[in-house]
Amino acid sequence: MKIVAIDQSLAKCAMVCMVDEEVENTRLSKTGAEKVKTKKKGTTYYSSLQEQIHHICEDVATFVGYHNPDMVVFESLSFASIGNATRDLACLYGAIRETLIQKGLVEEIKVHEVAPTSLKTFARELLKPLDRVERDEKGNIVLLKSKKEKKIKMDKKLMVKAVREVYGETYLSDYNYSTGLDDLADATLLALKVSKEYA
């Protein structure tokens, strides 16, 4: 099964094409607000949010159109988050979905969503068993009141570690956290989770 997974973001929207659990292609759509003082290489800057969203939508549509996947996967919106960024991400998410429909790219393609908590649970299970639990400053496993081991909170670094457990330590080695490493790791995990579910 060919899957395109999209980790939508205004700064670094990550796209991964995966065929039968093997990564075939990755892409980042990097945009920013024109008003920022320090400009990053490889990023396109715009004076309005609408222009940023349009740029990302076109990049995603091109990627999906090129790969013609069986399924497109998105990370669903986080309803626990607060602030203006959540509204902007909701706009981006809706605009990407609408662009794919308008361009006729999802008529025959299934669209699937994965909840952020579900993705983190999946990623945690890819870690080695000793890495899945929280530890105190002495290195001892933290226990809950129920005496069960407390599961570790999956931050960006652990998401990258999880994806490298599957694809090796050199996977995405050309990237760092400021250039899209964690975004591409999340998109890879989205594709892998759905690949396994539909295998």
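S.K.: How do you make sense of the overall build of the protein chain when you look at a structure like this?
M.R.: Assigned secondary structure in the protein chain consists of five helices and six strands. If you list the helices and strands of the protein chain from N to C, you get β-β-β-β-α-β-α-β-α-α-α. Computed over its C-alpha atoms, the radius of gyration of the protein chain comes to 18 Å, within 12% of the 16 Å expected for a compact globule of 199 residues. Dimensions of the protein chain along its principal axes, counting C-alpha atoms only, are 50 × 45 × 30 Å. By sequence separation, contacts in the protein chain at least 24 residues apart represent 62% of the contacts at least 6 residues apart. Total accessible area computed for the protein chain in this model is approximately 11,300 Å², and 51% of it derives from carbon and sulfur atoms. Between the centroid of the 31 positive side chains of the protein chain and the centroid of its 30 negative side chains there is a distance of 7 Å.

S.K.: Please clarify how the packing of helix α4 (residues 156-167) against helix α5 (residues 181-197) should be interpreted in this entry.
M.R.: Working note: a packed helix pair is described by the angle between its axes plus the distance between those axes. It is at 9 Å that the axes of α4 and α5 come closest, and there the two elements cross at 55 degrees. Taken as axis vectors, α4 and α5 run oblique relative to one another. The element α4 and its partner α5 pack so that their crossing is left-handed. Here α4 contributes Lys156, Met159, Val160, Val163, Arg164, Val166 and Tyr167 to the contact with α5, which in turn contributes Leu181, Asp182, Ala185, Asp186, Thr188, Leu189 and Leu192. Taken together, the residues that form the contact of α4 with α5 break down as nine nonpolar, one polar and four charged.

S.K.: How do you make sense of the nonpolar core when you look at a structure like this?
M.R.: Inside soluble globular proteins, nonpolar side chains tend to come together where they are buried. Ranked by internal contacts, the top residues of the largest apolar core, which has 32 residues, are Val73, Met154 and Leu189. Tallying contributions element by element places α5 first for this core, with nine residues. Not counting residues up to four positions away in its chain, the partners in contact with Met154 are Lys120, Ala123, Arg124, Leu127, Met159 and Ala162. Among the nonpolar cores identified, the runner-up in size contains 23 residues, and Val4, Cys17, Ile53 and Val106 belong to it.

S.K.: Would you mind going over the pairing of strand β2 (residues 12-19) with me for this structure?
M.R.: Side chains on a regular strand alternate between the two faces of the sheet. Among the eight residues in β2, seven count as buried, and that is most of the element. Across six bridges, the pairing between strand β1 (residues 2-7) and β2 is antiparallel. Bridge pairing in β2 links Val4 to Cys17. Between β1 and the antiparallel strand that follows it, β2, lie four residues. Connecting β2 to the next strand, strand β3 (residues 22-33), in antiparallel fashion are two residues, including Asp20 with a positive phi near 50 degrees.

S.K.: When you look at the packing of aromatic side chains in this model, what are you seeing that I'm missing?
M.R.: Each aromatic ring pair is summarised here by two numbers: the centre-to-centre distance and the angle between the ring planes. Inspection of every chain in the model, using the stated rule, returns two aromatic pairs. Ring geometry for Phe74 against Tyr93: centres 5.3 Å apart, planes inclined by 85 degrees, an arrangement best described as edge-to-face. Placement of Phe74 in strand β5 (residues 71-75) and of Tyr93 in helix α2 (residues 84-102) is noted, with a sequence separation of 19 residues between them. Here Phe74 falls in the buried class, since its relative accessible area comes to 0%. For Tyr93, a relative accessible area of 10% gives the class buried. Looking at Lys39, its charged tip hangs above the ring of Tyr45, at a distance of 5.2 Å from the centre.

S.K.: Could you clarify how one ought to interpret the environment of Val111 in this entry?
M.R.: Mapping Val111 onto the fold places it in strand β6 (residues 110-114). A C-alpha to C-alpha distance of 12 Å links Val111 and Glu98, two positions 13 residues apart in sequence. Excluding residues that lie within four positions of it along the chain, Val111 makes contacts with Val72, Phe74, Arg97 and Val106.

Calculation criteria
- Residues numbered from 1 in each chain as written.
- Predicted model: local features only at pLDDT ≥ 70, side-chain atom pairs only at ≥ 80, totals over all residues.
- Heavy atoms only, no water.
- Helix = DSSP H or I, 4+ residues; strand = E, 2+ residues; numbered from the N terminus.
- Rg over C-alpha atoms; globule rule 2.2 N^0.38 Å.
- Contact = heavy atoms within 4.5 Å.
- Areas by Shrake-Rupley, 256 points an atom, 1.4 Å probe, with all protein chains shown as cover.
- Lys, Arg positive; Asp, Glu negative; His and termini not counted.
- Charge placed at Lys NZ, Arg CZ, Asp CG, Glu CD.
- Axes fitted to C-alpha atoms, helices over the stretch in contact; angles between N-to-C directions.
- Parallel < 35°, antiparallel > 145°, perpendicular 65-115°, else oblique.
- Left-handed = near helix turned anticlockwise from the far one by under 90°.
- Nonpolar A, V, L, I, M, F, W, Y, C, P; charged D, E, K, R; others polar.
- Core = buried A, V, L, I, M, F, W, Y, C linked by side-chain atoms within 4.5 Å.
- Buried < 20%, exposed > 50% of the residue type's maximum accessible area, 1.4 Å probe, protein only.
- Pairing = 2+ DSSP bridges.
- Phe/Tyr/Trp six-rings, centres within 6.5 Å; stacked < 30°, edge-to-face > 60°.
- Lys NZ or Arg CZ within 6 Å of the ring centre and 35° of its normal.

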